[in-house]
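Close look at the chain arrangement
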Amino acid sequence: MRGKDNARTGGEILIDQLSIHGVRHAFCVPGESYLAALDAFHDSDIKLTVCRHESAAAIMAEAVGKITGRPGICFVTRGPGATNASAGIHIAKQDSSPMIVFVGQVGRDMREREAFQELDYRAVFGSMTKWATEIDDPARIPEIVSRAFHTACNGRPGPVVIALPEDMLTERVSAPDATAFTPAEIWPGASEMNRLQELLAAAKRPIALVGGSRWSEQATAAFMRFAERYALPVATTFRRGHLFDSLHPCYAGDLGIGPNPKLLARVKGADLVLLIGSRLSEMASQAYTLFDIPEPQMKLVHVHPGSEELGRVYHPHLAINAAPTEFCAELEKLQPPKNIAWRGESDTAHADFLAWGEKATPVPGAVNLGEIMVWLRDNLPADAIVTQGAGNFSGWVHRFYRVRKFGGLVGGTSGSMGYGLPAALAMQTLYPQRTVVCVAGDGDFLMTGQDFATAVQHKLPVIVLVADNGIYGTIRMHQEREYPGRVIATALRNPDFVAYALAFGGYGAVVEKTADFPAAFAAAKASGKPSIVHLKIDPEAITPTATLSGIREKSLAGKH
Ligand SMILES: Cc1ncc(C[n+]2csc(CCOP(=O)(O)OP(=O)(O)O)c2C)c(N)n1
Ligand SMILES: [Mg+2]
């Protein structure tokens with residue numbers, strides 16, 4: 001509260017800045033190191049969600065940044081709080097999501113003595129963030145927080161860490177507020193758009209790949225109109241399926257782990273690739289084998305908001321430093337050639353995509369995750385949100401689920417396990433009316449599973465499908481391929497996930513055969529509570545097309 005002298009504590013100034021910059025939600029695990037900032041939330045209308053683990057709080061903030069394009073906000077205590085949060089910070093870095101993490105810090109008078117839980121945040125987070133800093137003087141909070149919002153969003157978005165010395169937060173000063181930030185727009189130049197027009201006119205087999213951040217619902221809509229006018233096949237890159245309606249007639253599929261071989265062939269055979277927003281990192285590039293490095297075999301137009309990404313791995317024929325939002329707006333002005341040389345290709349590409357995921361493949365065991373994904377795509381409302389973590393179970397999501405809307409699939413491109421539940425909680429916090437489903441592995445779920453308590457506490461009725469195969473399946477698969485039969489550290493003894501859900505005050509149901517799934521899902525939905533649907537998956541069903549023993553036998557045969 002402002003005193004008569006107009007002075008506020010550092011904590012009050014800080015929370016006031018967040019409100020000014022438009023923050024609506026923040027996620028935290030409390031700490032004695034930042035009590036004055038916590039206290040200031042009393043007088044603010046920002047909704048503060050208290051969590052059980054900083055990795056979950058940080059992932060929630062990252063997911064908000066990923067989907068809204070505005071920094072997700074997380075508060076954690078010093079030392080262990082900060083290192084626990086590092087999982088989410090690393091995701092924000094790899095996924096180019098805007099995020100600001102505020103971390104407690106020891107008092108200014110005891111710095112550099114390695115006081116209780118003291119860390120040098122600039123050193124610890126320097127390579128994982130766009131900026132890591134510490135505020136020495138409460139009068140500079142408006143300046144530094146304003147810079148943090150700009151830094152997190154400008155160019156290629158990413159995380160910022162700000163350390164808050166405890167005594168700085170309690171000091172009272174009179175400091176003028178900053179004004180609301182606006183991310184700098186990055187428009188493509190007219191000459192670049194002309195060059196693009198020429199390249200498209202000369203192309204015979206073009207394809208567009210969309211990914212990365214700095215998209216919006218309007219931008220995806222504009223891009224879909226462009227694709228339609230140009231009859232251009234469009235693929236989404238790893239875990240960015242929400243950037244293009246999967247039932248749009250130009251959709252060619254998902255370029256991630258285990259992609260459709262026909263899509264791979266199409267990308268390899270393209271004479272022009274229009275890569276928008278994405279870095280085409282290891283997963284989407286099929287371990288950097290898709291394009292020759294540094295000179296791609298085809299003409300590459302690379303559109304990216306971060307100028308440092310252009311020419312970093314691939315030397316583009318045409319580099320366009322622009323945000324997808326502004327680039328897609330400019331695309332509306334381009335006119336397709338009179339005779340589109342590749343006409344019909346988008347129809348073929350879309351037919352290939354539909355055929356690839358149309359029907360679930362048969363797998364060992366009584367519960368087929370593919371059939372469950374098919375059921376979800378046929379039965380979830382069009383605006384449902386599916387979140388996912390990392391593990392082989394996600395292969396069924398990519399192949400058989402179909403994303404219809406921007407924000408409809410939220411996953412971590414950095415492959416961090418434990419992502420799905422916190423991301424689901426963040427989405428349900430932002431969109432209380434939408435159905436939010438998290439698809440998790442058994443290993444994956446328990447990396448952040450304690451925050452099921454957060455779902456119950458904050459009445460977030462997410463539905464978690466735990467695909468329980470009793471193993472760290474991905475690693476077992478690699479183990480059987482590289483060291484067949486020499487199983488170590490990949491077996492899991494799991495809890496009864498239904499009892500787990502009930503113990504937390506949620507709802508739980510078990511699914512032992514596929515046909516039981518619709519009723520279990522309906523009961524979970526009807527309960528109105530956070531729910532776990534425990535799917536008993538046969539560990540042999542390791543991918544939609546391979547069995548574990550098949551991989552082992554193949555490997556043993558190759559080794560003899
Ligand atoms: C935080 C984190 N730790 C470890 C890994 C390595 N890793 C990748 S997948 C995986 C196993 C996933 O197991 P589960 O969630 O049960 O899914 P499954 O593969 O069995 O379907 C592991 C340990 C990772 N990606 N992220
Ligand atoms: Mg598993």
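Fair warning: this is a prediction, and the values are worked out from it, not measured in the lab. (Residues numbered from 1 in each chain as written. Chains lettered and ligands numbered in written order. Predicted model: local features only at pLDDT ≥ 70, side-chain atom pairs only at ≥ 80, totals over all residues. Heavy atoms only, no water.)

1. Side note on the sheet that holds strand 12 (residues 272-276)
- Taken in spatial order, the 6 strands of this open sheet run 11-10-9-12-13-14, and their pairing is parallel. Across the chains shown, the open sheet's two edge strands, defined by having one partner strand only, are strand 11 (251-255) and strand 14 (318-321). Direction aside, the axes of adjacent strands within the sheet are offset by 15° on average.
- Relative to strand 12, strand 9 (residues 206-210) is paired through 5 bridges, and the arrangement is parallel. Its bridge partner being in strand 12, Leu209 is matched across the sheet by Leu275. (Pairing = 2+ DSSP bridges. Helix = DSSP H or I, 4+ residues; strand = E, 2+ residues; numbered from the N terminus. Axes fitted to C-alpha atoms, helices over the stretch in contact; angles between N-to-C directions.)

2. What about the site of ligand 1?
- The environment of ligand 1 is made up of 17 residues, and the closest members are Asn392, Asp442, Asp444, Gly473 and Thr474.
- In this structure, an oxygen atom belonging to ligand 1 sits 2.8 Å away from a main-chain N or O atom of Asn392.
- Within the backbone of Asp444, one N or O atom sits 2.7 Å away from an oxygen atom of ligand 1.
- Relative to its unbound accessible area of 590 Å², ligand 1 is 76% covered by the protein chains.
- Those elements that provide at least two residues to the shell around ligand 1 are helix 16 (442-448) and helix 18 (473-482). (Near = heavy atom within 4 Å. Polar contact = N/O pair within 3.5 Å; in protein donor to acceptor, adjacent residues only side chain to side chain. Areas by Shrake-Rupley, 256 points an atom, 1.4 Å probe, with all protein chains shown as cover.)

3. Digging into the side chain of Arg214
- Within the secondary structure, Arg214 is located in the loop between strand 9 and helix 9 (217-230).
- For the buried Arg214, no salt bridge is present, and the opposite-charge side chain at shortest range is Glu326, 4.3 Å distant.
- A distance of 3.2 Å separates a polar atom in the side chain of Arg214 from the backbone oxygen of Gly155.
- Contact partners of Arg214, with chain neighbours within four places excluded, come to Cys153, Asn154, Gly155, Pro157, Ala184, Glu185, Ile186, Pro305, Ala323, Pro324, Thr325 and Glu326. (Buried < 20%, exposed > 50% of the residue type's maximum accessible area, 1.4 Å probe, protein only. Lys, Arg positive; Asp, Glu negative; His and termini not counted. Salt bridge = Lys/Arg side-chain N within 4 Å of Asp/Glu carboxyl O. Contact = heavy atoms within 4.5 Å.)

4. Examining the sheet that holds strand 3 (residues 47-50)
- Within the open sheet, the 6 strands sit side by side as 3-2-4-5-7-6. Their pairing is parallel. Only two strands of the sheet have a single partner each, and these edge strands are strand 3 and strand 6 (131-134). In this sheet, neighbouring strand axes are inclined to one another by 20° on average, regardless of whether the strands run parallel or antiparallel.
- Pairing analysis gives 2 bridges linking strand 2 (residues 25-28) to strand 4 (residues 72-76), with the strands arranged parallel. Bridge pairing links Phe27 to Cys74 in strand 4.

5. A word on the packing of aromatic side chains
- Under the counting rule described, the total for this entry stands at 21 aromatic pairs.
- Ring geometry for Phe223 and Phe226: centres 5.6 Å apart, planes at 35°, overall tilted. With Phe223 and Phe226 both in helix 9 and 3 residues apart, the pair spans about one turn of that helix. Residues Phe223 and Phe226 agree in their burial class; the two are buried.
- Ring geometry for Phe291 against Tyr314: centres 5.5 Å apart, planes inclined by 70°, an arrangement best described as edge-to-face. Of this pair, Phe291 sits in the loop between strand 12 and strand 13 (299-304) while Tyr314 sits in the loop between strand 13 and strand 14, and the two are 23 residues apart along the sequence. Each member of the pair, Phe291 as well as Tyr314, is classed as buried.
- One aromatic cluster in this structure is built from Trp215, Phe223, Phe226, Tyr230, Phe244, Tyr251 and Phe353.
- Its guanidinium or amino end placed over the ring of Trp131, Arg147 lies 3.7 Å from that ring's centre, counting from NZ or CZ. (Phe/Tyr/Trp six-rings, centres within 6.5 Å; stacked < 30°, edge-to-face > 60°. Lys NZ or Arg CZ within 6 Å of the ring centre and 35° of its normal.)

6. As for the pattern of salt bridges
- Here the structure, examined in full by the defined rule, presents 26 salt bridges.
- Between Arg8 and Asp16 there is a salt bridge, with its nearest N and O atoms 2.7 Å apart.
- The salt bridge partner of Lys333 is Glu330, with a shortest N-O separation of 2.7 Å.
- Overall, Lys333 belongs to the exposed group, its relative accessible area being 59%.
- Because the salt bridges share partners, they merge into one network encompassing Glu358, Arg377, Asp378 and Arg402.

7. Overview of helix 18
- Gly473, Arg476, Met477, Gln479 and Glu480 are the residues of helix 18 that are buried. Projection of helix 18 onto a plane perpendicular to its axis shows the buried side chains occupying an angular sector of 165°, all on one side.
- On its buried face, helix 18 sits against helix 21 (548-559). (Arc of directions from axis to C-beta.)

8. Topic: the nonpolar core
- Grouped together as the largest cluster of nonpolar side chains are 50 residues, with contacts concentrated most on Phe445, Val464 and Ile532.
- Examining the composition of this core, we find that 9 residues originate from one element, helix 3 (residues 54-68), more than from any other.
- Setting aside chain neighbours within four positions, we find Val464 in contact with Leu421, Cys438, Ala440, Phe445, Phe452, Ser531, Ile532 and Val533.
- Of all hydrophobic cores here, the second largest spans 38 residues; its members include Val210, Ala231, Leu274 and Leu318. (Core = buried A, V, L, I, M, F, W, Y, C linked by side-chain atoms within 4.5 Å.)

9. As for the packing of helix 1 (residues 10-20) against helix 6 (residues 141-153)
- Contact geometry of helix 1 with helix 6 gives a least axis separation of 10 Å together with a crossing angle of 35°. As for how helix 1 packs across helix 6, the hand of that crossing is right-handed. Listed contacts from helix 6 to Gly10, Ile13, Leu14, Gln17 and Leu18 of helix 1 are Ile141, Pro142, Val145 and Phe149.
- Here the contact of helix 1 with helix 6 is built from residues that sort into 7 nonpolar, 2 polar and no charged. (Left-handed = near helix turned anticlockwise from the far one by under 90°. Nonpolar A, V, L, I, M, F, W, Y, C, P; charged D, E, K, R; others polar.)

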